[in-house]
Every structure is written in structure tokens, then in C-alpha cells.
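Results of the structural survey
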Amino acid sequence: VIPAFLKRGDLVIKDEAISYAIQAGLDLARVSVKEFRHNDMGDLERILENIAEQDAKKPPKVLNRRFIVVEGLYENTGTICPLPELVALADKYKFRILLEESMAFGTLGKTGKGTCEHYGLPSTAVTLICGSMSTALATVGGF
């Protein structure tokens, strides 16, 4: 799914604990990648500030698309993404959020709708939500 939405020249800031499948998708898309410490919003904000400072020094040009890539419920650690803080930072620095929900779908939230429901956020707070149906639904396919 990731190479369908991201392309060469896009900037991605990813959590260091993302799963191998997401990392493989980023590699296939050939995007520029920066990494922040797992669920550390202070480290993420530091990186976002550095990018904003670099942008201010450059002459105006066509902007690349910018994404923060996280998992709702991390496959590698079992921790939940601090989505409300992430949404606030993405809005402040004008980044889009790609939220991978393979593990969260069916497990988080009152009715199993995932991380957004878990935190009481509308799904429109996140730009892209993707996931595999092989985990919670025990079938093939994805969304």
C-alpha cells in the first residue's frame, strides 16, 4: 500500500519501532526517511523543528509531500501510538499522518475500530489509514 501513496522525493519521518512490512514499503517507494525514537514526541518535534529551520533557509520551490508514519498498535513492541500528540504536531508542522492499523483494528477502541476510536478522535484526524486483514479478521486482503 505504501508505494501506491508515496513516491520518490517525498519526506517520511518514521517511528524507529515500525514493522518490517512498513519499512519494506518505504524502501520500495524510495522516499527520504528520517527516524524518531519510539513514541518520543519530544524527539519527533525536534526533527520537525530542524526541517522547518532548513526550509526557512531555502528559496521557495515546489514542496515535497511530507508524512509521519506510525503504527496504531506496534507489532514489535505492543505499545500504542500517542495519537493525540502526534496529530497536534502534524497539524503544527503541516505533515500528513499515515497510520498503519493492522494490529489495532479489532483490538483497540470500544467497538474495535482502532487507534482513532481508542483516543476518541475522528478518523479524519489522520490522512491515511491502512492495514492488513490477516490479523484481526483472519483472512486475506487489506485496507
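Data block above holds the structure.
The notes below deal with the structure included here. (Residues numbered from 1 in each chain as written. Predicted model: local features only at pLDDT ≥ 70, side-chain atom pairs only at ≥ 80, totals over all residues. Heavy atoms only, no water.)

Attention now goes to the overall build of the protein chain. The number of helices and strands found in the protein chain is 5 helices and 5 strands. In the protein chain, the succession of α and β elements from N to C terminus is α-β-α-β-α-β-α-β-α-β. Expected size for 143 residues packed as a compact globule is a radius of gyration near 15 Å; at 15 Å, the protein chain falls within 12% of this value. The C-alpha extent of the protein chain, read off along each of the three principal axes, is 50 × 30 × 25 Å. Within the protein chain, counting contacts between residues at least 6 apart in sequence, those at least 24 apart form 60% of the total. Split by element, the accessible area of the protein chain, about 7800 Å² in all, is 55% carbon and sulfur. Of the charged side chains in the protein chain, 17 are positive and 18 negative, and the gap between their average positions amounts to 9 Å. (Helix = DSSP H or I, 4+ residues; strand = E, 2+ residues; numbered from the N terminus. Rg over C-alpha atoms; globule rule 2.2 N^0.38 Å. Contact = heavy atoms within 4.5 Å. Areas by Shrake-Rupley, 256 points an atom, 1.4 Å probe, with all protein chains shown as cover. Lys, Arg positive; Asp, Glu negative; His and termini not counted. Charge placed at Lys NZ, Arg CZ, Asp CG, Glu CD.)

Here tyrosine 93 shows up in helix α4 (residues 83-93). The class of tyrosine 93 is buried, set by a relative accessible area of 17%. For tyrosine 93 and glutamate 49, which are 44 residues apart along the polypeptide, the C-alpha to C-alpha distance reads 8.0 Å. Apart from the residues lying within four places of it in its own chain, the contact partners of tyrosine 93 are Glu45, Leu48, Glu49 and Ala52. For tyrosine 93, the side chain forms a polar contact with the side chain of glutamate 49, separated by 3.4 Å. (Buried < 20%, exposed > 50% of the residue type's maximum accessible area, 1.4 Å probe, protein only. Polar contact = N/O pair within 3.5 Å; in protein donor to acceptor, adjacent residues only side chain to side chain.)

Between the first and last C-alpha of helix α3 (residues 41-57) there are 25 Å, a value that for 17 residues agrees with the 24 Å anticipated at 1.5 Å per step. Among the residues of α3, those classed as buried are Met41, Asp43, Leu44, Ile47, Leu48 and Ile51. Around the axis of α3, the buried residues are gathered within 165° of arc, so they sit on the same side. Seen from the buried face of α3, the exposed residues on the opposite side, beyond 90 degrees, are Ala56 and Lys57. (Expected span 1.5 Å × (residues − 1). Arc of directions from axis to C-beta.)

On to the pattern of salt bridges, then. On inspection of all chains with the given rule, the structure shows 7 salt bridges. Close ionic contact of aspartate 10 with arginine 65 constitutes a salt bridge, the shortest N to O distance being 2.7 Å. With aspartate 10 in the loop between α1 (2-5) and β1 (11-15) and arginine 65 in the loop between α3 and β3 (66-71), the pair connects residues that are 55 residues apart, well separated along the chain. Residue arginine 65 is classed as partly exposed on the basis of its relative accessible area, which comes to 27%. In this structure, a network of salt bridges that share partners links the residues Arg37, Asp40, Asp43 and Arg46. (Salt bridge = Lys/Arg side-chain N within 4 Å of Asp/Glu carboxyl O.)

Moving on: unusual backbone geometry. Here asparagine 39, not a glycine, exhibits a phi torsion of approximately 55°, which is positive. In this fold, asparagine 39 is placed in the loop between β2 (32-36) and α3. The backbone of lysine 94 sits at a positive phi, close to 60°, despite the residue not being glycine. For lysine 94, the position within the fold is in the loop between α4 and β4 (96-100). The class of lysine 94 is exposed, set by a relative accessible area of 70%.

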